[in-house]
Number of protein chains: 2
Amino acid sequence: MSDIEIARKANKKPIQEIGDKLGIPSEHLLPFGHDKAKISEEFIKSLESKPNGHLVLVTAINPTPAGEGKTTTTVGLGDGLNAIGKKTAICIREASLGPNFGMKGGAAGGGQSQVVPMEDMNLHFTGDFHAITSAHNLLAAMLDNHIYWGNELEIDIRRIAYRRVMDMNDRALRQIVCNLGGVANGFPREAGFDITVASEVMAILCLAKDLRDLEKRLGDIIVGYRRDKSAVYARDIKADGAMAVLLQQAMQPNLVQTLENNPAFVHGGPFANIAHGCNSVVATTTALKLADYVVTEAGFGADLGAEKFFDIKCRKAGLKPEAVVLVATVRAMKMNGGVKKDDLGTENVDAVRNGCANLGQHLENLKKFGVPAVVGINHFVSDTDAEVQAIKDFVAEQGAEAVLCKHWAKGSEGIKDLANKVVELVEGGKADFKPLYPDDMPLLKKVETIAKEIYRADDIVADSSIRNQLKQWEEDGYGNLPVCMAKTQYSFTTDPTRRGAPRGHSLPIREVRLSAGAGFIVVICGEIMTMPGLPRKPSAENIRINEEGLIDGLF
Amino acid sequence: MSDIEIARKANKKPIQEIGDKLGIPSEHLLPFGHDKAKISEEFIKSLESKPNGHLVLVTAINPTPAGEGKTTTTVGLGDGLNAIGKKTAICIREASLGPNFGMKGGAAGGGQSQVVPMEDMNLHFTGDFHAITSAHNLLAAMLDNHIYWGNELEIDIRRIAYRRVMDMNDRALRQIVCNLGGVANGFPREAGFDITVASEVMAILCLAKDLRDLEKRLGDIIVGYRRDKSAVYARDIKADGAMAVLLQQAMQPNLVQTLENNPAFVHGGPFANIAHGCNSVVATTTALKLADYVVTEAGFGADLGAEKFFDIKCRKAGLKPEAVVLVATVRAMKMNGGVKKDDLGTENVDAVRNGCANLGQHLENLKKFGVPAVVGINHFVSDTDAEVQAIKDFVAEQGAEAVLCKHWAKGSEGIKDLANKVVELVEGGKADFKPLYPDDMPLLKKVETIAKEIYRADDIVADSSIRNQLKQWEEDGYGNLPVCMAKTQYSFTTDPTRRGAPRGHSLPIREVRLSAGAGFIVVICGEIMTMPGLPRKPSAENIRINEEGLIDGLF
């Protein structure tokens, strides 16, 4: 059965019953249909004095076309922990609507380890992304309106730093000239749209502690600069209050369920390149108050996702992760070991062994954050025992343990070993989380630290304009911010074809951007696309409601 | 107390109880929070064989700055009918989000005759407009994508007839050049955005009978023309199926409640100028299956709103309205009689009497549709008895009746007389609804018929390009469509300053547009703005969440 077939057969419980498992009274659970709900702000506030559960991160090796199953393992581990008697919730990101009309949409998880309802999660869900689009574009409209009515703030229209967004793959909007048509329509200028997940408002919603913090951060967004290069903020445009109103409901975390009827928080979905790629802080902190264990994940491989999870999200939200699961697959190890995708079906223990270099470097890196790690081998039916053993042996040589997981095929029953291992790590009390670099390290030095410690680059390459820009931001009071790396997810280097654990490379910085509201400096290394296009034959062409009322073509 | 204060004090019942009044089982009521719900498609289908209730239209004189209270009377009459023992539901439109950030948002109704929850209805509500925005813009993205990948359909990029939409007042987007930035971003062309309520997709959603009809109509949208001027449809772009998927949930009518806990359908909100300005057909037909009486309204005054309700909505959906309430106020009559807004507080029976010419013409017009009418005088505290009597006398001279209504101050208790009168009209069985013109009348003749019969123009003025265009559409098979008039709502003429019942005018046609999916020809007479701008000091500047968690500045 395909993921969607399994999802449609799910024996879903009313969302009130799922909330009940976490002790959420039904008046504080705002339903969206019968299988989705938001948790009220008031209830979340009432939890403040409660102790926190244990936070577990699921991360992965560098992704390959073979797939690694990070979300599947997050869902599976959540179900597994529940199955061994630990009250557990998972926290994952929401999906973006637009890309589903280009390529087929995806499950949240796979096989027997999925979150449902799958269709809703790939479409409008509870409207959070639409609210973010509205809030983002309100500021853009108010900005152009300010200029139209006299530009009292003296914004230089050549230096506007704020684009519009749409949750759509629409290359036609990447670069536009707006305000055309004469006096009544404003001053013509260059502009453009990003996809909603790339919005700074999205990153802000995901990092804000509560509504007040949200409003404050929205006010901190830099919309442009004057001729003297001084910044103009959303606060100066007086858009922050109305943006917060538009986001009030979107700030409430969404509750859904796994196929095994365990609670799943699905909330927020910032880009994992120009933003930090984790679900919302509010979802994670709320889950920690309501469950004994919280399993969450971060975008891309551990070099990007885990690093940002630790250095941005955990640092800023005061989270203390206590264990990490590093997901690997035999197939991905083979690809890292040089095997082509078409040859993955053939047993190749040597290739697995060679590919483990990538796994090894991630494992080594994770130690630098002070959180104990275990490797979860996400089992595929084609994997041979010898191949699995090769990974286990390699990991054992690194002083860690790799556990085989069959949750894709068997649900919680297939992942109890990993669940027990995670409990052992947590209860062992060895975790002593610390970010990779201190707040007060100079910005360029922060980038260099990540490049050398995580990517194992020899050095970084940044021209004087970039160095000067970073210095300027330090003088402007932004020196304490963490850096948010935007590079390819396929390699430790900036070259997506270099798998394994490459050495002898350097990290070239192409551009730096200040996300003053989100609270990080984006460091762009290589091409980053913030508005995708549709392919020659978009999947939308085959999407329709069939005779049975089901959606065809979306998956 | 202000409307919002009254609304916040409302003693709301759980939406399941409201659905229960109409016999909707809770599994078919998809909740959005505790006070809003959508009614499932499956349940709506199950109602097909049930008899229909009685349909009552609330319309009004030409609006004046004094306000006439059409929605307030719709809500009040619904409560009044319920109070006299008739199982009644009301059907009104959803509000557009964007404009609330320019001018203050509005209540649905006013005083003691309101629909709640007011904040939600002015913000994201159940996400319908966001879904319409997504569906609309998906087609736009697929259109540009088709051209990008080779333009197999040979669309002339100078003749693209489909714009993008956003639910925002954003004049900067009225006219743009898109696809800039080189080969990877497409072929530069002129484009622009309308506000979402002006989308043809909105009109389609409001006129479609069900999901299949919706999909068919979406496919009929004309996106542009080839060099030989042949039309290219959304169906050719293969966007119709995916658009219907995005709109599947938005097609389900929304249920909320009045302050007196009576059911209110709030669904769809097409522009009342370039579209027909009524709530969705699905909401009205569903309400008619579930209630004995259904009270609905149409946008603007009766010259535009009622005419389109009858000639477009009722004609196409096979609805048979049985009574009309024409709302008038003493203050609006005074303004029609020449009194300035600042002088409305002073008694002026003569001015009331003079202004009644406007009322009289609407009353006369309504008879042409074969539906019996009663005038509802929406009482203001400053109205004097003599002024009210002047309206009553005038209406009696026309052979009709005017009933004083105090629902604004007293709720249902204040409008029982009107409710009884409406029941009398309906039970009298005098209604014999017929549209103003037959389907097979030539298009220009349809416009002329409305101009002469309703507006009392001497003639219409249309240059040869407009006449030729209409003939071309007749040859193309669109001759049977109704016409959708877009003119000022403030006058029977195209001059907004000419109040009362002007004579000796003609109707100049500036432009005609084909909405092939919605199924009407738009006839534009005068300036029509499809993308508003924000004012110098947008209301958004004062909108925020206050210390008590309530929204300030929105109302």
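Because the structure is a prediction, the values reported are computed rather than measured. Sequence positions are assigned chain by chain, starting from 1 and proceeding in written order. Chain labels run from A onward and ligand labels from 1 onward, assigned in the order the entries are written. Totals for whole chains, interfaces and linings use all residues, but because this is a predicted model, local features are given only for residues with pLDDT of at least 70 and pairs of side-chain atoms are given and counted only at 80 or more. Neither water nor hydrogens contribute to the side-chain values; these are computed over all heavy atoms in the structure.

Draft legend 1. A look at the overall build of chain A. Numbering goes from the N terminus for both helices and strands, where a helix is a DSSP run of H or I of at least four residues and a strand is a run of E of at least two. What chain A contains, in helices and strands, is 19 helices and 26 strands. By the compact-globule yardstick of 24 Å for 555 residues, chain A fits well, its C-alpha radius of gyration being 23 Å. Counting all 555 residues of chain A, 64% fall into the buried class. Note on contacts: a residue pair is in contact if any heavy atoms of the two residues lie within 4.5 Å. In chain A, the share of contacts with a sequence separation of at least 24, taken over all contacts with a separation of at least 6, comes to 74%. The distance from the centre of the 65 positive side-chain charges to the centre of the 71 negative ones in chain A is 2 Å. Put simply, the radius of gyration uses C-alpha atoms, and a globule should come to 2.2 Å times the residue count raised to 0.38. We call a residue buried when its accessible area falls under 20% of the maximum for its residue type, exposed when it is over 50%, and partly exposed in between, using a 1.4 Å probe and counting protein chains only. This count recognises Lys and Arg as positive and Asp and Glu as negative, with His and chain-terminal groups excluded. By convention, charge coordinates are those of NZ in Lys, CZ in Arg, CG in Asp, or CD in Glu.

Draft legend 2. A look at unusual backbone geometry. With an omega of 5 degrees, the peptide bond between Val116(A) and Pro117(A) qualifies as cis. By the secondary structure assignment, Pro117(A) is in the loop between β6 (113-116) and α5 (118-122). The phi torsion at Asn151(B) lies on the positive side, around 55 degrees, for a residue other than glycine. Along the polypeptide, Asn151(B) turns up in the loop between α6 (128-148) and β7 (155-160). Judged by relative accessible area, which is 16%, Asn151(B) ranks as buried. Phi at Lys229(B) is positive, roughly 70 degrees, even though this residue is not glycine.

Draft legend 3. Spotlight on the interface of chain A and chain B. Between chain A and chain B, the contact holds 67 residues from the first and 67 residues from the second. Summed over both partners, buried area is the accessible surface (1.4 Å probe) that two parts give up on being assembled. Summed over both sides, the interface of chain A with chain B buries roughly 5,900 Å², with 62% coming from carbon and sulfur. Should a side-chain nitrogen of Lys or Arg be within 4 Å of a carboxyl oxygen of Asp or Glu, the pair is scored as a salt bridge. For the interface between chain A and chain B, the tally reads 2 salt bridges. Here Asp170(B) makes a salt bridge to Arg164(A), at a shortest N to O gap of 2.8 Å. Nitrogen and oxygen atoms within 3.5 Å of one another constitute a polar contact, given that in protein one can donate a hydrogen and the other can accept it, and given that sequence-neighbouring residues count only through two side-chain atoms. For the pair chain A and chain B, the interface holds 35 residue pairs in polar contact (both at pLDDT 80 or more). Tallying contributions element by element places helix α6 (residues 128-148) of chain A first for the side of chain A that touches chain B, with 10 residues. Tallied by class, residues from the side of chain A that touches chain B come to 36 nonpolar, 18 polar and 13 charged. Basically, the charged four are Asp, Glu, Lys and Arg, the nonpolar ten are Ala, Val, Leu, Ile, Met, Phe, Trp, Tyr, Cys and Pro, and anything else, Gly included, counts as polar.

Draft legend 4. Looking closely at the pairing of strand β12 (residues 222-226) of chain B. Residues and elements named next belong to chain B. Of all 5 residues that make up β12, 4 are buried, and the element is covered over most of its length. By the convention used here, strands pair only if DSSP detects at least 2 bridges between them. In this structure, β7 lies alongside β12, joined through 2 bridges in antiparallel fashion. Bridge pairing links isoleucine 155 to arginine 226 in β12. Relative to strand β13 (residues 231-233), β12 is paired through 3 bridges, and the arrangement is antiparallel. Within β13, the residue paired with glycine 224 across the bridge is valine 232. Between β12 and β13, which pair antiparallel and follow one another directly, the connecting turn spans 4 residues, one of which, lysine 229, has a positive phi of 70 degrees.

Draft legend 5. Broad picture of the packing of aromatic side chains. Only Phe, Tyr and Trp rings take part, Trp by its six-membered ring, and two of them pair if their centres are within 6.5 Å. Stacked means planes under 30 degrees apart, edge-to-face means over 60, and tilted covers everything else. Applying the stated criterion across every chain yields a total of 10 aromatic pairs over all chains. Ring geometry for Phe309(A) and Phe310(A): centres 5.6 Å apart, planes at 65 degrees, overall edge-to-face. Phe310(A) sits in the buried class, given a relative accessible area of 0%. Consider the rings of Tyr148(B) and Trp149(B), whose centres lie 5.1 Å apart with planes at 90 degrees: the pair is edge-to-face. Assessed through its relative accessible area of 25%, Tyr148(B) is described here as partly exposed. Exposure remark for Trp149(B): the relative accessible area of 32% places this residue in the partly exposed category. What links up through ring pairs into an aromatic cluster is the set Phe309(A), Phe310(A), Phe369(A) and Phe433(A). A ring is scored as having a charge over it whenever the NZ atom of a lysine or the CZ atom of an arginine sits within 6 Å of its centre and within 35 degrees of its normal. Against the face of Tyr455(A) rests Lys487(A), its NZ or CZ located 4.7 Å from the ring centre.

Draft legend 6. How the structure looks around the pairing of strand β23 (residues 511-515) of chain B. Residue and element names in this part refer to chain B. Across 5 bridges, β23 lies against strand β24 (residues 520-524) in antiparallel orientation. When the sheet's bridge partners are listed, arginine 513 is paired in β24 with valine 522. Hairpin connection from β23 to β24: 4 residues lie between these consecutive antiparallel strands, with glycine 519 at a positive phi of about 95 degrees.

Draft legend 7. Just the pattern of salt bridges, in detail. One pass over the full model with this rule turns up 66 salt bridges over all chains. Put simply, Asp220(A) and Lys216(A) hold a salt bridge, and the shortest N to O gap is 2.5 Å. Asp220(A) sits in the buried class, given a relative accessible area of 13%. Across the pair Lys86(B) and Glu427(B) runs a salt bridge whose closest N-O atoms are separated by 3.5 Å. Of the two residues, Lys86(B) sits in the loop between α4 (70-83) and β4 (88-92) while Glu427(B) sits in helix α17 (residues 416-427), which places them 341 residues apart along the sequence.

Draft legend 8. Layout of the packing of helix α7 (residues 200-207) of chain B against helix α8 (residues 211-220) of chain B. Residues and elements named next belong to chain B. Direction vectors running N to C along α7 and α8 enclose 150 degrees, while the axes themselves pass 9 Å from each other. Taken as axis vectors, α7 and α8 run roughly antiparallel relative to one another. Crossing handedness for the pair α7 and α8: right-handed. Contacts from Val201, Ile204, Leu205 and Leu207 in α7 reach Asp213, Leu214, Arg217 and Leu218 in α8. For the contact of α7 with α8, the per-class residue count stands at 6 nonpolar, no polar and 2 charged. For every element, the axis is a line fit to its C-alpha atoms; helices are fit only across the contacting stretch, and the angle between N-to-C directions ranges from 0 to 180 degrees. The scheme is simple: roughly parallel for angles under 35 degrees, roughly antiparallel for over 145, roughly perpendicular for 65 to 115, oblique for anything else. The crossing is said to be left-handed when, going from far helix to near helix, the turn is anticlockwise and less than a right angle, and right-handed when the turn is clockwise.

Draft legend 9. Fine view of the relation of the copies chain A and chain B. Overlaying chain A on chain B yields an RMSD of 0.0 Å, the required transformation being a rotation through 180 degrees with an accompanying axial translation of 0.0 Å. What we have between these two chains is a two-fold relation. Using C-alpha coordinates, one finds that chain A approaches the rotation axis most closely at Phe32(A), a distance of 2.3 Å. Here 100% of the interface residues in chain A have copies in chain B that are interface residues too; the copies meet face to matching face. Alignment of copies: least-squares fit on C-alpha atoms of residues with pLDDT of at least 70 in both copies.

Draft legend 10. Highlighting the side chain of Thr73(B). Secondary-structure assignment places Thr73(B) in helix α4. A distance of 3.2 Å separates polar atoms of two side chains, one belonging to Thr73(B) and the other to His407(B).

Draft legend 11. Geometry of the sheet that holds strand β24 (residues 520-524) of chain A. All names here are of chain A. Judged by pairing direction, the sheet is mixed, and its 3 strands sit side by side in the order β21-β24-β23 without closing on themselves. Looking at strand neighbours, the two that pair on one side only are β21 (483-486) and β23 (511-515), the edges of this open sheet. Adjacent strand axes in the sheet meet at a mean angle of 25 degrees, parallel and antiparallel pairs treated alike. Sheet analysis places β21 next to β24, joined by 4 bridges and oriented parallel. If you follow alanine 486 over to β24, its bridge partner there is isoleucine 524. Sheet strands in contact with helix α18 (residues 443-455) are β21 and β24, and its direction is about 50 degrees off that of β21.

Draft legend 12. Quick peek at the confidence of the model for chain A. This prediction gives chain A a mean pLDDT of 96; 100% of its residues lie at or above 70. Here the predicted complex carries an ipTM of 0.97, next to a pTM of 0.97. Values of pLDDT, which run from 0 to 100, indicate the predictor's confidence residue by residue.

Draft legend 13. Broad picture of the sheet that holds strand β13 (residues 231-233) of chain A. All names here are of chain A. Within the open sheet, the 3 strands sit side by side as β7-β12-β13. Their pairing is antiparallel. The strands lining the two open edges of the sheet, one partner per strand, are β7 (155-160) and β13. Strand-to-strand twist in this sheet, taken as the mean axis angle between neighbours without regard to direction, amounts to 50 degrees. Against the sheet, α6 contacts β7 and β12 (222-226), and its axis sits at roughly 135 degrees relative to β7.

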